[in-house]
Amino acid sequence: MKPPWAATPKSPQHIAIGWGGSSAPVVFLDQIQPVFFAAVTPELLMPLFWLVVVLLALTALGFWFGRRRALASAQGNPRHLHSLPVYYGANVAMSIAIPALLTLMVWLLAQPLLIENRVSGLIPQELIPESTSVGLVMSDVRRLAEGLDEAVLQNVMTQQEARSLDASTSDVRALLGSVGVALGSEVRPEVLEAAQQYRQLSRTGGNAMTLVCLLLAVVGFGLSIRRTHKDFRARNVVERGVLALLILAASLAILTTIGIVLSMLFETVNFFGLHAWTDFFFGSTWAPNFRGDSELSILPLLWGTLYISAIALLVAVPVGLFAAIYLSEYASPAVRSFAKPLLEILAGIPTIVYGLFALLTVGPLLLKLFGQGDNGILGLSWMTGATSVLTAGVVMGIMLIPFVSSLSDDIINAVPQSLRDGSLGLGATPSETIRQVVLPAALPGIVGAILLAASRAIGETMIVVMGAGAIAKFSANPFESMTTITTRVVSQLTGDTDFASPETLVAFALGLSLFVLTLGLNVLALYIVRKYREQYD
Amino acid sequence: MTDFSPTPDQPAVAQNSLLTQSKRTIKRNSAEARFKAYGIAAIGIGLVMLLVLVTTIFGRGTGAFQQTFITVNVELLESKLDKNGERNIEDIKRVTTFGYAPLIKSAMQTAVADLGIETSLKSKHMAGLLSKNAVAQLRAYVLANPEKIGETIEFRFLAQSRVDGYLKGRVSRDSIENDKNISPEQLDLVDALVAAGVIEKTFNLDFITGADASDQRPEAAGMGVSMLGSFFMMLVVLALALPIGVAASIYLEEFAPKNWITDVIEVNIANLAAVPSIVYGILGLAVFINYMHLPMSAPLVGGLVLTLMTLPTIIISTRAALKAVPPSIRDAALGVGASKMQSVFHHVLPLAAPGILTGTIIGLAQALGETAPLLLIGMVGFIASNAPSTIGEGLLSPNSAMPAQIYEWAKRADPAFYERAWGGIIVLLIFLVTMNTVAVILRRRFERRW
């Protein structure tokens, strides 16, 4: 049996950009790596897990020692101490743990990058096949290195054998296949050489990391124990440390943003290196082709995104706004306390539920209404498949109702009662008051709420992935299936992701465009809402 | 003082009596009634949609919790399973599932013959009523109990999905015309077997605790392993997002000086809360998988991505909870000699704890239902078949998550999986409703108004 969405016309373009399909499972299993961090290799001084355990044990020991030493310096009488005994312990513990763990974290982040740089320099240019980048060969190198480690772990070969392996004499691919690491092609001597270098560097790096971290911990232990004395202002030092940690946590938000922007920016720059930016921004066709020569333009996707969002807002804004007006101006407290939480349940339902609803309920229902020719209810044949702009738009609209209604409700409630009283006192009916006084006063805020809902609609993924279809085109017909930016991001990045092809990298350019678009809407909306709140504060 | 009586030349004839409404008043009043009706209609639409959604989910999903089973006696023939008769486990293991198929065929044939049912079907098609899982189930049993070879044992096998669908009304005699998996004669046999009590529909615990199955065996697919995947992800989210979120909120609310850096952080957090979730997926793919080489499809990576996604939610609600603690508490603590840090950690934080907990639970519920970022880090597209045995394996070995599993089922071609998808949604919603209820109860019970 065919799934309902398979009924869409099978143009070559559709096949090329369809769902991940059946190739996905193989690839995913393929890419699973047997080891945790690249730093964890056999013959290390200490695996990462034990390093952390040792550091934590040292920290606990430090706490106990610090506390004891402080008490001893005050002849066991805590009242002679500057701070509570706990603070002396905490001071030692923090001196041990914080520098060591921070170094560990930074090291783990930086080491792969450094090794990658060193090793990729080893790969001769002629080894890199046409139209691929050094990244592809590097992933071979990494897999080979991990495979050798795995072989040593499983006692298939000794460390010595692994190191002196010769690609020309032994079948490395079969050997690694026997330990469950599948290699794509035969191993060339240069790649093996690079892999050996990779392992060597990882091992050295890992060992250096262990040594440095332990050294830092011990030095921290020694220095802080030496300072521990009854006159030492332990509390002040500890509190400064805690404050630094708090600041670190708060700046993680900034780091996340920087991470988002940088991760997408790098790959986007790579993408524009491989593909003309004019085609991306000003082209008219979306037709990725994994054999190269793709046309990758954002415009048809943007059109689909905006069209679906517009339909969603067409559903959500009137319903949400009227619901908000009724709840804030007319409803009795009993109705309000009953209807408002119920409406808000709609916002708490996961989007996958809406996606399934669109795919299996709303889509077929609309198809029955507007499609199927004489077999349908209305006898029309406007729709050919269950996935369409309308399907996704309507379901997304339902999802957005509570967004619009609760935000507008808050905003309408913020309009001062004196405005209403004045209008009612002049003889206006409640509805006239609302239309001519309350709504104009609340308008900026409501516009902000609608913009927030719009940004939500543009970034929504699951509903469009399941309900909107996969065909990129410019069309004004709401009964046709169309595709959106988020759908294409999902389909380009699931399945076989090769970070050297423009077909994969385009997803990052799309993601960045999406981020900029939604960010712009959010900033605008938040600005308007904030400005509006100040007006009546 | 003037007498305020109407003058004769200006007759005070009220053109409109208060008792009869003028045209204009009628118009205005009906506009008022209309406007009010629009409001009621809008709320009605919202509530009806909710009702439709809930009834669809339960109407279509409850079937997944029931499954059709066929009970037959299988003779474990020694000549097929252990030719040497030595009960050597290695010998028995050598018999593949193909070797078990004849046993099931003859078992079905005997069962039908014993019940005296007339049918023109061959034994192969009788065995076709059973799930493709049956041979594997039989083999697993024999490998676990080699001493039972030679005996006749009663087994309860899953029926194949068409038979299951027939009993649940999903499959009818009209709908199977072009279906090569089942024939009308087989359905006749099913009817007869149901009458004889051999085929019955019972509660299916395996759907809740079991693992996903390949797309040939929808009847064997379950949620259990992906539930564990979700559990490990939530573990990561809780372990990272709660401490980091609380620490960030404490700094921003209690210590941060009012300057542009703080402003930037605040605006940043407000905007991060509204970044589309798929963008976090791209971040996870680029940073955790492509750069840090963490294993693909691992709940650890999923948890890290969801942590970044839930952090803004937790920070916003924690700040609200801290703000709700009155300044008098801080002043009193400072007044008896506590340091600023002590006043916050010893007094403000415990008082704000219920609010923080509520916000965290709501953030976790949001993360539990999120799908889009998980698609990008590879938590769909394979069959999560084995439950992890240790925490490390649970975090690092590839797994799925509940919403990703539902998506996976919705993607498969066989409509029998749709029932699973709806059933999976019921399980997911039960978790979400429980978490939200706990949050509401916490808030009601512990929230203090000052």
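Bear in mind the structure is a predicted one, so any value in this text is a computation, not a measurement.

Basis of the calculations
Residues numbered from 1 in each chain as written. Chains lettered and ligands numbered in written order. Predicted model: local features only at pLDDT ≥ 70, side-chain atom pairs only at ≥ 80, totals over all residues. Heavy atoms only, no water. Helix = DSSP H or I, 4+ residues; strand = E, 2+ residues; numbered from the N terminus. Buried < 20%, exposed > 50% of the residue type's maximum accessible area, 1.4 Å probe, protein only. Areas by Shrake-Rupley, 256 points an atom, 1.4 Å probe, with all protein chains shown as cover. Contact = heavy atoms within 4.5 Å. Pairing = 2+ DSSP bridges. Axes fitted to C-alpha atoms, helices over the stretch in contact; angles between N-to-C directions. Buried area = accessible area lost by both parts, 1.4 Å probe. Salt bridge = Lys/Arg side-chain N within 4 Å of Asp/Glu carboxyl O. Nonpolar A, V, L, I, M, F, W, Y, C, P; charged D, E, K, R; others polar. Phe/Tyr/Trp six-rings, centres within 6.5 Å; stacked < 30°, edge-to-face > 60°. Parallel < 35°, antiparallel > 145°, perpendicular 65-115°, else oblique. Left-handed = near helix turned anticlockwise from the far one by under 90°. Core = buried A, V, L, I, M, F, W, Y, C linked by side-chain atoms within 4.5 Å. Polar contact = N/O pair within 3.5 Å; in protein donor to acceptor, adjacent residues only side chain to side chain. Expected span 1.5 Å × (residues − 1). Bend = angle between axes of the 7 residues up to and from the residue. Patch = residues over 30% accessible without salt bridge, like charges linked within 9 Å, V, L, I, M, F, W, Y side chains within 5 Å. Lys, Arg positive; Asp, Glu negative; His and termini not counted. Charge placed at Lys NZ, Arg CZ, Asp CG, Glu CD.

Student: Describe the overall build of chain A, naming the residues involved and giving the relevant values.
Tutor: When helices and strands are counted, chain A shows 19 helices and two strands. Taking all 537 residues of chain A together, the buried fraction comes to 51%. If you sum the accessible surface of chain A, you get close to 24200 Å²; carbon and sulfur atoms cover 65% of it.

Student: Any details on the overall build of chain B? Residues and values, ideally.
Tutor: Check the secondary structure of chain B and you find 19 helices and three strands. By sequence separation, contacts in chain B at least 24 residues apart represent 77% of the contacts at least 6 residues apart. When the accessible area of chain B is evaluated, it comes to approximately 21000 Å², of which 59% is carbon and sulfur surface.

Student: With reference to specific residues and values, describe the sheet that holds strand β1 (residues 66–75) of chain B.
Tutor: All names here are of chain B. One open sheet accounts for three strands, arranged β2-β1-β3; its pairing is antiparallel. Only two strands of the sheet have a single neighbouring strand rather than two, namely β2 (152–158) and β3 (199–203). Between one strand axis and the next, the sheet turns by 35° as a mean value, whatever way the strands run. Each of β1 and β2 touches helix α4 (residues 97–114); the most contacted strand, β1, lies at about 95° to it. Relative to β2, helix α6 (residues 133–144) is tilted by about 140°, and along the sheet it contacts β1 and β2.

Student: Lay out unusual backbone geometry in plain terms, naming residues and giving numbers.
Tutor: With phi around 50°, Q75 of chain A is a residue other than glycine that occupies positive phi space. Its place among the elements puts Q75 of chain A in the loop between α3 (48–73) and α4 (85–120). At S297 of chain B, a residue that is not glycine, the phi angle is positive and equals roughly 65°. By the element assignment, S297 of chain B lies in the loop between α12 (277–291) and α13 (299–324).

Student: Before we move on, could you go through the interface of chain A and chain B and cite the residues and values that matter?
Tutor: Facing the 94 residues of chain A at the interface are 86 residues of chain B. Both faces combined, the contact of chain A with chain B buries some 8000 Å², and carbon together with sulfur accounts for 78% of it. With its nearest N and O atoms 2.8 Å apart, the salt bridge here joins R28 of chain B to E432 of chain A. A total of 18 residues in the side of chain A that touches chain B trace back to one element, the largest contributor, which is helix α9 (residues 234–274) of chain A. In the side of chain A that touches chain B, the residues fall into 68 nonpolar, 19 polar and seven charged.

Student: Give me the lowdown on helix α7 (residues 161–168) of chain B, citing residues and values where you can.
Tutor: All names here are of chain B. A large share of α7 lies buried, amounting to six of its eight residues. Those residues of α7 not exposed but buried are S161, R162, V163, D164, G165 and Y166. In this structure, the buried side of α7 is in contact with β1, α8 (184–196), β3 and α19 (416–446). Two residues or fewer past α7, G169 is found with a positive phi of approximately 85°.

Student: Before we move on, could you go through the pattern of salt bridges and cite the residues and values that matter?
Tutor: Residue and element names in this part refer to chain B. Applying the stated criterion across every chain, the model contains 19 salt bridges over all chains. For R330, the salt bridge is made with E254, and the minimal N-O distance between the two is 2.8 Å. Placement of R330 in helix α14 (residues 327–335) and of E254 in helix α10 (residues 224–255) is noted, with a sequence separation of 76 residues between them. Of the residues examined, R330 reaches a relative accessible area of 13% and is grouped as buried. Of the residues examined, E254 reaches a relative accessible area of 10% and is grouped as buried.

Student: Pulling in residues and values, what's your account of the packing of aromatic side chains?
Tutor: Residue and element names in this part refer to chain A. Per the counting criterion, the structure on display carries 22 aromatic pairs over all chains. Measuring from centroid to centroid gives 6.4 Å for Y88 and F232, while their planes differ by 55°, and the two rings are tilted. Residue Y88 is located in helix α4, and its partner F232 is located in the loop between α8 (189–227) and α9; the two are separated by 144 residues in the primary sequence. Just as Y88 is buried, F232 falls in that class too. Ring geometry for F281 versus F282: centroids 6.5 Å apart, planes at 55°, classification tilted. According to the relative accessible area criterion, F282 is exposed, its value standing at 61%. Put simply, the rings of F271, F272, W277, F280, F281 and F282 pair up and form one aromatic cluster.

Student: Outline the packing of helix α11 (residues 299–330) of chain A against helix α16 (residues 430–459) of chain A, listing residues and values.
Tutor: All names here are of chain A. The geometry of α11 relative to α16 is characterised by a closest axis approach of 10 Å and an angle of 140° between their N-to-C directions. One element, α11, and the other, α16, form an angle in the oblique class. The handedness of the crossing between α11 and α16 is right-handed. Residues T305, L306, S309, L313, V317, L321, I325, E329 and Y330 of α11 touch α16, and the partners they reach there are P430, S431, I434, V438, L439, I446, I450, A453, A454, A457 and I458. Here the residues of the contact of α11 with α16 are counted per class, giving 16 nonpolar, three polar and one charged.

Student: Account for the nonpolar core, naming residues and giving values.
Tutor: Counting residues in hydrophobic clusters, the biggest one holds 192 residues, and the most contacted among them are Y354, L356, M466, V489 and L510 of chain A. The leading source of residues in this core is α11 of chain A, at 16 residues. When sequence neighbours within four positions are dropped, the list of residues in contact with V489 of chain A reads A507, L510 and G511 of chain A together with I278, I282 and L376 of chain B. Residues I117, V142, V198 and I199 of chain B belong to the second largest nonpolar core, which totals 40 residues.

Student: How would you explain the side chain of E460 of chain A if you had to name every residue and give the values?
Tutor: All names here are of chain A. Residue placement: E460 occurs in the loop between α16 and α17 (462–467). Engagement of the side chain of E460 in a polar contact is seen with the backbone nitrogen of M462, the distance being 3.0 Å. Polar side-chain contacts of E460 include one of 3.3 Å to the backbone nitrogen of I463. Those residues within four positions of E460 in sequence are excluded, and the remaining contacts are T351, M396, M399 and T486.

Student: Tell me what's going on with the environment of Y251 of chain B, and back it up with residues and numbers.
Tutor: With respect to the helices, strands and loops of the structure, Y251 of chain B is situated in helix α10. In sequence terms Y251 of chain B and T262 of chain B are 11 residues apart; their C-alpha atoms lie 9.8 Å from each other. Those residues in contact with Y251 of chain B that sit more than four places away from it in its chain are L243, L246, I247 and A250 of chain A together with A256 and P257 of chain B.

Student: How would you summarise α10 of chain B if you had to cite specific residues and measurements?
Tutor: The end-to-end C-alpha distance of α10 of chain B is 45 Å, a good match for the 46 Å that 32 residues give at a rise of 1.5 Å each. A241 of chain B marks the point of greatest bend in α10 of chain B, at about 25°, and the proline P243 of chain B comes within the next four residues.

Student: Could you give an account of a nonpolar patch on the surface, with specific residues and numbers?
Tutor: All names here are of chain A. A surface patch of nonpolar side chains, about 570 Å² in accessible area, is lined by L255, I258, L262, L265, F266 and V269. Structurally, the position occupied by I258 is in helix α9. Judged by relative accessible area, I258 falls into the partly exposed class, the value being 41%.

Student: I'd like a description of the pairing of β1 of chain B, backed by residues and values.
Tutor: Residue and element names in this part refer to chain B. Taken together, the five bridges between β1 and β3 define a ladder with antiparallel strand orientation. Across the sheet, residue Q66 finds its bridge partner in β3, namely F203. Here seven bridges tie β1 to β2, and the two strands are oriented antiparallel to one another. Paired with F69 across the bridge in β2 is L158.

Student: Summarise a positive patch on the surface; cite the residues concerned and give the values.
Tutor: A cluster of basic side chains, namely R435 of chain A together with R24, K27 and R34 of chain B, defines a positive patch on the protein surface. Here the positive patch gets three residues from one element, more than from any other, and that element is helix α1 (residues 23–61) of chain B. Of note, K27 of chain B is situated in helix α1. Relative accessible area serves as the criterion here: at 64%, K27 of chain B is assigned to the exposed category.

Student: Before we move on, can you summarise the environment of S481 of chain A with the specific residues and values?
Tutor: Examined against the element boundaries, S481 of chain A turns out to sit in the loop between α17 and α18 (485–493). Taking the C-alpha atoms as reference, S481 of chain A lies 8.9 Å from T384 of chain A; in sequence the two are 97 residues apart.

Student: Go over the environment of V238 of chain A, please, and point to the residues and values.
Tutor: All names here are of chain A. By the secondary structure assignment, V238 is in helix α9. Spatially, the C-alpha atoms of V238 and A90 are 6.8 Å apart, while their sequence positions differ by 148 residues. Once residues within four sequence positions are removed from consideration, V238 is found in contact with Y87, A90, N91 and M94.

Student: Explain the packing of α9 of chain A against α12 of chain B to me, and be specific about the residues and the numbers.
Tutor: Running from N to C, α9 of chain A and α12 of chain B point in directions that differ by 75°, and their axes come no closer than 9 Å. When the axes of α9 of chain A and α12 of chain B are compared, the pair comes out roughly perpendicular. Together, T256, G259, I260, S263, M264 and E267 of chain A of α9 of chain A and V279, Y280, I282, L283, A286, V287 and N290 of chain B of α12 of chain B make up the contact between the two elements. Among the residues forming the contact of α9 of chain A with α12 of chain B, the class breakdown is eight nonpolar, four polar and one charged.

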